[in-house]
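This is what each chain is made of:
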Amino acid sequence: MTADTDALREALLHELAEAREPDEVERVRVKFLGQKDGSITTLIRGTNFGALDKDERRVVGNELSGLKSFAETAIRDARQQVEAVAARQRRRGLVDLTLPGERVNVGSINPVNTIQLFLEDVFRGMGFMVEQGFEVETEYYNFDALNVARDHPARDMQDTFWLDSGALLRTHTSATQVRAMRKYGTPLRAIFPGRCFRYEALDASHETSFYQCEGLMVDRGVTVANLLSVMQTLLRQVFERDVSVRLRPGYFPFVEPGFELDLSCLICSGEGCRVCKHSGWVELMPCGMVHPRVLEAAGVDPETHSGFAFGLGMTRLAMLKYGIPDIRLFDSGDWRFYRQFPATV
Ligand code: PHE
């Protein structure tokens, strides 16, 4: 008797483990518990209780009803399991077209990089090459070769990060001017985009590191008119509309004459507003005609050649173009800021 019920339990569990669909479980149920000829039903029906004495009857009765409820429970569990699996598969196969798509996080590009890639494109279109320069520079290229006098305040400890080796972190991309002229000679049209460093107190418009894009064009007969036309072409593309520019005198030791280039205020179109401090103009970039001493330092003859240079603040340009109110946001690492900019250029 016990051997029979053990064998039945084992056979039942084995068949249930094989069942993958609800109707396969049902087939197992009929095979073991079916009214007509289920093997457990048959075993119970075939037991002649009348031939057993009272004690035997109790033992056999317990064993058979234990087997029956064991089978019922095992079959119910198996049915629940295959139904759950089937439901999961059905759900996976269904597409609900009214649900919003899954958002894929692809990151985004820092607006300064977007501006840089854009500028590189526009300048290449005007025949300029792109040169990187070095973030760690010598005092010579950053200052001396650019006609910045030994006692010029810009060399003060307060403005420049000096390294123990005597080298420095470039304070402007102008440091690449003489390097590029020496390397490529003339005629030369090049931009040098990159990171610059200054030892400054932080506020909404000052960071210890920021990005500039230097521009340099040297050839025979280059004039201020060339400078203006290149600038206007550039700014029209950056701001996607016609912009007016004006030049004011400005002083930098490496240009003569030197200028500050202003842009007609894009917020109020020159009417006067808070951004332009009611002047109708915003200061955009310093520029000028390359100083003869700088040309000489680069081995270019100032009698036959001339050039213009400008120092476009890319960080500043990004702030103007995207209306970013605080320079510290750029390196903040704050995803809520970066997320607002596109992932592709
Ligand atoms: N290098 C200057 C600065 O960073 C800007 C500049 C570049 C001025 C080229 C004139 C010509 O302040």
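None of these values were measured; they are calculated from a predicted model. (Residues numbered from 1 in each chain as written. Predicted model: local features only at pLDDT ≥ 70, side-chain atom pairs only at ≥ 80, totals over all residues. Heavy atoms only, no water.)

K.L.:
Give me the lowdown on the overall build of the protein, citing residues and values where you can.
P.N.:
Scanning the protein from terminus to terminus reveals 11 helices and 9 strands. Over its C-alpha atoms the protein spans a radius of gyration of 41 Å, topping by over 25% the 20 Å that the globule rule assigns to 345 residues. Projected onto the principal axes, the alpha-carbon positions of the protein cover approximately 130 × 50 × 35 Å. Out of the 345 residues belonging to the protein, those deemed buried represent 40%. Residue pairs at least 24 apart in sequence account for 65% of intrachain contacts in the protein once pairs closer than 6 positions are excluded. By element, 51% of the accessible surface of the protein is carried by carbon and sulfur atoms, the whole surface being about 19800 Å². Averaged over its 41 positive side-chain charges, the protein has a centre that lies 5 Å from the centre of its 48 negative ones. (Helix = DSSP H or I, 4+ residues; strand = E, 2+ residues; numbered from the N terminus. Rg over C-alpha atoms; globule rule 2.2 N^0.38 Å. Buried < 20%, exposed > 50% of the residue type's maximum accessible area, 1.4 Å probe, protein only. Contact = heavy atoms within 4.5 Å. Areas by Shrake-Rupley, 256 points an atom, 1.4 Å probe, with all protein chains shown as cover. Lys, Arg positive; Asp, Glu negative; His and termini not counted. Charge placed at Lys NZ, Arg CZ, Asp CG, Glu CD.)

K.L.:
Can you lay out helix H8 (residues 224–239) for me, pointing to particular residues and giving the numbers?
P.N.:
Here H8 contains 16 residues, and its C-alpha end-to-end distance of 22 Å stays within 8% of the 22 Å for a straight helix at 1.5 Å per residue. Those residues of H8 that are buried lie in contact with helix H5 (111–125), strand E6 (245–249), strand E7 (255–264), strand E8 (281–290), strand E9 (306–313) and helix H10 (314–322). At the C-terminal side of H8, Glu240 shows a positive phi close to 55°. (Expected span 1.5 Å × (residues − 1).)

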